[in-house]
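Summary of the model geometry
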Amino acid sequence: FLHPPSLLHSPPTVPSTLTMRTALSKRSLFTLTAAIFQVHYRATAALSSRKMSDLLPLDTLAAHANSYASANGIQVERRRSDDPESSYFECAPVSLLPNAYPKEALATAQNVAQDFNELVDRVSRDSEFLQKTLGGGVSATDPYTAKILQLYKQVYVNGSEKSPAAQADRLGIHRSDYMLHSPAEGEAYELKQVELNTIAASFAGLSSQIFKLHRYLTSRFKNEIDEFMETNRKIVTASTDAPLGVPENPSMQRIPQAISVVYDRYVQKFVKDGDASNVIVLFVVQDGETNTVDQRMLEFRLFEDHNIPVVRMSLTKAHSEIVLGDDGALMLGDKEIAAIYYRAGYAPTDYPDGDDGIEWEARLKLERSRAAKCPSLGYHLAGTKKVQQELARPGVLERFFPASEEKDKLEALRSCFAGLYSMGEDATEEDIQAAKAVLNGEHGKFVLKPQREGGGYNFYGDKLAEKIRENTSQSEDGNLQLGEKLAEYILMQRL
């Protein structure tokens, strides 16, 4: 989703938009577990009278999957514990077989993707909304989000309307994560959004190979797995239509194409005579990155399809090696940077020098340039959990889609929202009731999520209940009071 530059200071409007829709859509490495798809568990339970080893040729499937993955780059890089400077590659953990998915739910996700893209862009331009939502309790308890918000205001709100950053393009490569949710046992599945990732959305490269792996396995071993797959399909959908098979994933065509658009726009606007021989794209990556194969697939495809070279660099190195000119040009030696694609910078650990350290200085330098940003600071903030929760409140979406002809967009977006509850100073009675439910033994129905990307920070089950209990108290009139430390979290319905 590419948006040309326009003012952030004015109320959200509908500027001219260039939109690209991207469908992002040994046995231990290949598992059939509920961690990947809960409906696989149901399919297994439905066939529990027989051993899984009798039902599926697991060893054979795993051997073929392992070999296919190795031959087709479905791998992650690992650092050697005895020598961190050297590394090796191993197959990435994937689901051994594909999971049945209702075609209506897939169509919904594809159709609403453009609406979510527009929502992100409009939110990113509404500085008043972002300050109100992420200032206060969130910023007070989460220095990382506070820093992103501070830089956003410095560059786009308090900066000149004619600054290089204000004139730069913004590119969104977003990954919206969904789950199929059944309100009650036996009821039809609904599509519910877990989160919308606006920075460093990964696995487009690997997933473009996974569908080929699944196509191979389901075709090569059709007779051996047919009973399991049919049971899985019946549990997921009541449709009697013939299965369509594993759909193609075009992410490795669409995403490089999107980057090439902002690259070409930059060359047209800023490069004399259109000579792009010294113009590059910068991938901001982590030191010690392990998901290099996924990133390299995108890098190589960008050069193969569009002849665009990529340079990979951490924020730490960018501080000393990249120079920002008075005209807003970013120079790496004699190379000019047309676009910045972040695969790092989404967590405090990517800024090891501290709150005012060199990595934050590098992030500010990159943002102030005329190079296209993927994402801009505004897009980054629009993807936070707190913004997601606030957008789910009644009446808030109308702020960004006020036109009567956009009513269908509102309904489509709202249908994807799960239950989301504030744990901050803006908590409503509905939010308080959700916290009370956690304390009254219903903690299995919720998950507590901080303003973080990358996973691994959530609270579930007993740990969720303990976290809420430690940070709440009863007022004299018996009302539940939320502690300040909960402000950086949102409580979400567990799907």
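What this report covers is the structure whose coordinates are included nearby. Model, not experiment: these values are computed from the prediction.

The next point concerns the overall build of the protein. Summing up its helical and strand segments, the protein has 20 helices and 19 strands in all. The buried share of the protein, taken over its 495 residues, is 51%.

The way to describe two aromatic rings as a pair is by their centre distance and the angle between their planes. For the structure shown, the criterion picks out 11 aromatic pairs. Note on F129 and F400: the rings are 5.0 Å apart at their centroids and 85° apart in plane angle, and the pair reads as edge-to-face. One end of the pair, F129, is in helix α5 (residues 127-134); the other, F400, is in helix α17 (residues 397-400), and 271 residues separate them in sequence. When sorted by exposure, F129 lands in the same class as F400, which is buried. Ring geometry for Y421 against F446: centres 6.1 Å apart, planes inclined by 70°, an arrangement best described as edge-to-face. Separated by 25 residues along the polypeptide, Y421 in strand β15 (residues 420-422) and F446 in strand β16 (residues 446-450) bring together distant segments of the chain. Neither Y421 nor F446 differs from the other in exposure class; each is buried.

Another aspect to go through is the sheet that holds β15. The strand order β15-β19-β16 describes an open sheet built from 3 strands, whose pairing is antiparallel. Each edge of the open sheet carries a strand with a single partner, namely β15 and β16. Within this sheet the neighbouring strands show an average axis-to-axis angle of 30°, counted without direction. In this sheet, strand β19 (residues 489-493) lies alongside β15 in antiparallel orientation, the contact comprising 3 bridges. Bridge assignment links S422 to a residue of β19, and that residue is I490. Helix α19 (residues 429-442) rests against β15, β16 and β19 of the sheet, and its axis sits at about 100° to β15. In the packing of helix α20 (residues 461-470) onto the sheet, the strands contacted are β16 and β19, and the crossing angle to β16 comes to about 65°.

Below, the discussion takes up the packing of α5 against helix α7 (residues 143-157). Following both chains from N to C, one finds α5 and α7 inclined at 160°, their axes separated by 11 Å at the closest point. In terms of their interaxial angle, α5 and α7 are classed as roughly antiparallel. In this structure, α5 meets α7 at a crossing whose hand is left-handed. For the pair α5 and α7, the contacting residues are S127, L130, Q131 and L134 in the first and T145, L149, Y152, K153 and V157 in the second. For the contact of α5 with α7, the per-class residue count stands at 5 nonpolar, 3 polar and 1 charged.

To continue, consider the side chain of T231. Relative to the helices and strands, T231 resides in helix α10 (residues 222-236). Using a relative accessible area of 17% as the deciding quantity, one classes T231 as buried. Separated by 2.9 Å, the side chain of T231 and the backbone oxygen of E227 make a polar contact.

Definitions and cut-offs
Residues numbered from 1 in each chain as written. Predicted model: local features only at pLDDT ≥ 70, side-chain atom pairs only at ≥ 80, totals over all residues. Heavy atoms only, no water. Helix = DSSP H or I, 4+ residues; strand = E, 2+ residues; numbered from the N terminus. Buried < 20%, exposed > 50% of the residue type's maximum accessible area, 1.4 Å probe, protein only. Phe/Tyr/Trp six-rings, centres within 6.5 Å; stacked < 30°, edge-to-face > 60°. Pairing = 2+ DSSP bridges. Axes fitted to C-alpha atoms, helices over the stretch in contact; angles between N-to-C directions. Contact = heavy atoms within 4.5 Å. Parallel < 35°, antiparallel > 145°, perpendicular 65-115°, else oblique. Left-handed = near helix turned anticlockwise from the far one by under 90°. Nonpolar A, V, L, I, M, F, W, Y, C, P; charged D, E, K, R; others polar. Polar contact = N/O pair within 3.5 Å; in protein donor to acceptor, adjacent residues only side chain to side chain.

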